[in-house]
Amino acid sequence: MSQDDGCLICRKIVDNLTSAVMVFDPEYRLVFINTTGEMLFADSARHLVGLRAQELLTASNQTIENQLKQCLATGVSRTERNVVLGLPERQVTVDMSLTPLFEGVRPISVLIELHQLDRHLRISRDEQLLAQHNASRILVRGLAHEIKNPLGGLRGAAQLLDRELNSGELREYTQIMIAESDRLQSLLDRMLGPSKPPQKSLLNIHRVVERVRQLVRVEAPAGVSIECDYDPSLPTLYADKDQLIQAILNIARNAIQAVDERGNVIFRTRIHRQVTIGGQRNRLCVKIDVIDDGPGIEPDMMSQIFYPMVTGRADGTGLGLSIAQSLINQHGGLIEAISDRGQTIFSILLPLRNGNE
Ligand SMILES: Nc1ncnc2c1ncn2[C@@H]1O[C@H](COP(=O)(O)OP(=O)(O)OP(=O)(O)O)[C@@H](O)[C@H]1O
Ligand SMILES: [Mg+2]
């Protein structure tokens, strides 16, 4: 193996670590950052290298530059646990290690490793969410299946009775029985959810989102604006077009219903790197956000919204999100939601795989 090959392998290893790795020079300027670091700062190494440590990070206890100074002066490594770091747009909780890098006996730069703790919390929450969701879907599907057959029998019997009856007054009752059976039947069909496995093809995600935007624009009141904010560089996706339309439509309809007569709904697309879904790490994911400025979801309802039959609306069946989650899970993806008064974001994460499996 040549020295170049060795360097390439080292670089690959460092980029695939789950910790963010950074190196700062004696002027506290960033000279190196790995791929996980780029993800943490949501920016590329090209933009980040050269920035001063305090432009990148603020630690809760003492300034990052003081810590770098101390590390360079003493030549001693240190690790701090549960540090809340302020990044340019958010806060994260990390275990942080500072290690001096020596040239001879003199420390010339400092290696910082950040091991993000809240990311692990999120991963285990995702896994729990998927497992619970699957269990409740199996229960609901089983129940719907059991009710479907006797319901078919009841409807058939009501139809036979309807044909035998001469009195128009009595037939009114059999007509009610038939109409209500049909209503229950379509509810059960929704409870059973998608019956076909996905029929995948290569597609442009913006065509799919635009189709949904067209559909909801027709349904939405005039005071609701429906905007888009797309990343035009997104690659094509291998997925079932109709299933994606159905999933995004269910989420978009909820957003329209939430804002009521007046409000804003935005469809946003972005690419995300190194996303873990259900324990599997994906190099690239497409993220489709549906954002509304409605009243938000009550905190005590938030943990239940993806379960079937959970609704906060008088005329809701509580199936929309559960079906959407199943459709996206069938594509190896996940739907997440965050909500505050005045802003709710539903995010659909879909892995982009190499090849077209
Ligand atoms: N954007 C949103 N803003 C506020 N609440 C929301 C939003 N999206 C979903 N919800 C809440 O989550 C509940 C569940 O949504 P879901 O789509 O599963 O069922 P539903 O809309 O009640 O009925 P269905 O979609 O089956 O007609 C909703 O009833 C609503 O209370
Ligand atoms: Mg709904």
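Here the structure is shown first, and the text comes after it.
Residues numbered from 1 in each chain as written. Chains lettered and ligands numbered in written order. Predicted model: local features only at pLDDT ≥ 70, side-chain atom pairs only at ≥ 80, totals over all residues. Heavy atoms only, no water.

Caption draft 1: Examining the layout of surface pockets more closely. Approximately 720 Å³ is the volume found for the second largest pocket. Considering the residues around the second largest pocket, the lining is formed by 29 residues, among which N254, Q257, G312, R313 and L321 are closest to the centre. Mapped by element, the contributors of at least two residues to the lining of the second largest pocket are α9 (241–259), β11 (280–292), α11 (320–329) and β13 (343–352). The leading source of residues in the lining of the second largest pocket is α9, at seven residues. (1 Å grid on protein atoms, 1.4 Å probe; cavity = no way out; pocket = protein on both sides within 12 Å on 5 of 7 lines; lining within 4 Å. Points joined across faces, edges and corners; volume = space filled by probe spheres on them. Helix = DSSP H or I, 4+ residues; strand = E, 2+ residues; numbered from the N terminus.)

Caption draft 2: Fine view of the pairing of strand β6 (residues 106–116). Where strand β1 (residues 20–24) lies against β6, five bridges are found, and the strand directions are antiparallel. Bridge pairing in β6 places M22 opposite I112. Both strand β5 (residues 91–103) and β6 contribute to a ladder of ten bridges, which runs antiparallel. In the sheet register, S97 faces β6, and the bridge partner there is E113. In textbook terms, the turn of a hairpin is the stretch between consecutive antiparallel strands, and for β5 and β6 this stretch comprises two residues, one of which, G104, has a positive phi near 65 degrees. (Pairing = 2+ DSSP bridges.)

Caption draft 3: Just the packing of aromatic side chains, in detail. As enumerated under the stated definition, the model contains one aromatic pair in all. With 6.3 Å between their ring centres and 70 degrees between their planes, F306 and F346 make a pair best called edge-to-face. Placement of the pair is F306 in the loop between α10 (299–302) and α11 and F346 in strand β13, with a sequence separation of 40 residues. Residue class for F306 comes out buried when judged on its relative accessible area of 8%. What makes F346 buried here is its relative accessible area of 7%. (Phe/Tyr/Trp six-rings, centres within 6.5 Å; stacked < 30°, edge-to-face > 60°. Buried < 20%, exposed > 50% of the residue type's maximum accessible area, 1.4 Å probe, protein only.)

Caption draft 4: The arrangement of the sheet that holds β13 in detail. One open sheet accounts for five strands, arranged β8-β10-β11-β13-β12; its pairing is mixed. Of all strands in the sheet, those bounded by a partner on one side alone are β8 (224–229) and β12 (334–340). Adjacent strand axes in the sheet meet at a mean angle of 25 degrees when their direction is disregarded. As defined by bridge partners, strand β10 (residues 263–277) adjoins β11 across twelve bridges and the pair is classed as antiparallel. Among the inter-strand pairings, R270 is bridged to a residue of β11, identified as K287. Helix α8 (residues 205–219) rests against β8, β10 and β11 of the sheet, and its axis sits at about 175 degrees to β8. Relative to β11, α9 is tilted by about 35 degrees, and along the sheet it contacts β8, β10, β11, β12 and β13. (Axes fitted to C-alpha atoms, helices over the stretch in contact; angles between N-to-C directions. Contact = heavy atoms within 4.5 Å.)

Caption draft 5: Just the pattern of salt bridges, in detail. For the structure shown, the criterion picks out 13 salt bridges. One salt bridge connects R78 with E80, and the closest N-O pair in it is separated by 3.1 Å. Residue class for R78 comes out partly exposed when judged on its relative accessible area of 28%. Judged by its relative accessible area of 13%, E80 falls in the buried class. A salt bridge links R313 to D315; its shortest N-O distance comes to 3.0 Å. Judged by relative accessible area, R313 falls into the partly exposed class, the value being 35%. The class of D315 is exposed, set by a relative accessible area of 63%. (Salt bridge = Lys/Arg side-chain N within 4 Å of Asp/Glu carboxyl O.)

Everything listed is a geometric property; what it means functionally is a separate question.
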